[in-house]
Amino acid sequence: MPWVDKDECSGCGVCVEECPLDTIHMEDDAAETDMDGCIRCGTCHDVCPEGAVRHDSELIPGEVSANVARTREFTSACVQHLGSKEEGRKCLNRMIKLFNKQKTVAEKTLEELEKIRQAS
């Protein structure tokens with residue numbers, strides 16, 4: 001998914017003009033993308049003269065940190081509210097199961113998309 005680095009965006013509006021679905025608008029002199037309407041066509045990446053439209057893979061480290069922080073928060077809350085470190089370990093195990101499920105969904109989705117790519 002594309003995102004806009006606000007520090008790099010000059011507010012020129014080229015991406016707004018070129019977006020085929022009108023899912024980009026200006027907010028506080030910087031481009032903002034409505035991700036619900038975005039079809040990931042890449043036009044905004046191609047037309048941005050500043051390189052401010054970035055690929056979401058750059059956000060992975062922050063997303064990982066947020067997931068770990070959230071898991072730590074939940075684990076601590078389980079200890080606090082349920083009364084033992086064992087409950088915290090159970091919570092940690094449930095979060096690991098959650099992320100393993102998300103990983104499995106992503107892997108299976110990629111397998112299906114690869115089939116579509118090979119068929120076309």
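Going by the structure above, here's the rest.
Right, let's walk through the structure included here.

Scoring rules and cut-offs
Residues numbered from 1 in each chain as written. Predicted model: local features only at pLDDT ≥ 70, side-chain atom pairs only at ≥ 80, totals over all residues. Heavy atoms only, no water. Helix = DSSP H or I, 4+ residues; strand = E, 2+ residues; numbered from the N terminus. Expected span 1.5 Å × (residues − 1). Buried < 20%, exposed > 50% of the residue type's maximum accessible area, 1.4 Å probe, protein only. Contact = heavy atoms within 4.5 Å. Patch = residues over 30% accessible without salt bridge, like charges linked within 9 Å, V, L, I, M, F, W, Y side chains within 5 Å. Areas by Shrake-Rupley, 256 points an atom, 1.4 Å probe, with all protein chains shown as cover. Salt bridge = Lys/Arg side-chain N within 4 Å of Asp/Glu carboxyl O. Core = buried A, V, L, I, M, F, W, Y, C linked by side-chain atoms within 4.5 Å. Pairing = 2+ DSSP bridges.

## Focus on helix α4 (residues 85-119)
End to end, α4 covers 51 Å across 35 residues, agreeing with the expected 51 Å (1.5 Å per residue, within 8%). Of the positions making up α4, those classed as buried are E87, G88, C91 and M95. Elements that come into contact with the buried residues of α4 comprise α3 (60-82).

## Notes on the environment of C9
By the secondary structure assignment, C9 is in the loop between β1 (2-4) and α1 (14-18). As for C9 and D29, which are separated by 20 residues in sequence, their C-alpha atoms are 8.3 Å apart. What C9 contacts, discounting residues up to four positions off in sequence, is V4, A30, A31 and A52.

## Some details on a nonpolar patch on the surface
A contiguous nonpolar patch, built from I60, V64 and V68 and spanning about 240 Å² of accessible area, is present on the exposed surface. Mapped onto the elements, V68 comes out in helix α3.

## Some thoughts on the nonpolar core
Core analysis: the biggest nonpolar cluster contains 11 residues, these being V4, C9, C15, C19, I24, A30, A31, C44, C48, A52 and V53. When residues no more than four places from it in sequence are discounted, the contact partners of V4 are C9, A31, T33, A52 and V53.

## Quick look at unusual backbone geometry
Not every positive phi belongs to a glycine, and D28 is a case in point at roughly 55°. Tracing the backbone shows D28 in the loop between β2 (24-27) and β3 (30-33). If you check the backbone angles, D29 has positive phi at about 65° while not being a glycine. On the secondary structure map, D29 appears in the loop between β2 and β3. For D29, a relative accessible area of 66% corresponds to the exposed category.

## Regarding the environment of P20
Mapped onto the elements of the fold, P20 is located in the loop between α1 and β2. Given the relative accessible area of 52%, P20 is considered exposed. Excluding residues that lie within four positions of it along the chain, P20 makes contacts with C41 and T43.

## Description of the pairing of β2
Sheet topology note: the β2/β3 ladder contains 4 bridges and is antiparallel. Note that in β3 the partner of I24 across the bridge is T33. Where β2 folds back onto β3 in an antiparallel hairpin, the turn is made up of 2 residues, including D28, whose phi is positive at roughly 55°.

## Overview of the side chain of T75
One can find T75 in helix α3. Sequence-distant contacts of T75, that is, excluding residues within four places in its chain, are made with G88, C91 and L92.

Purely geometric numbers; function is a separate question.
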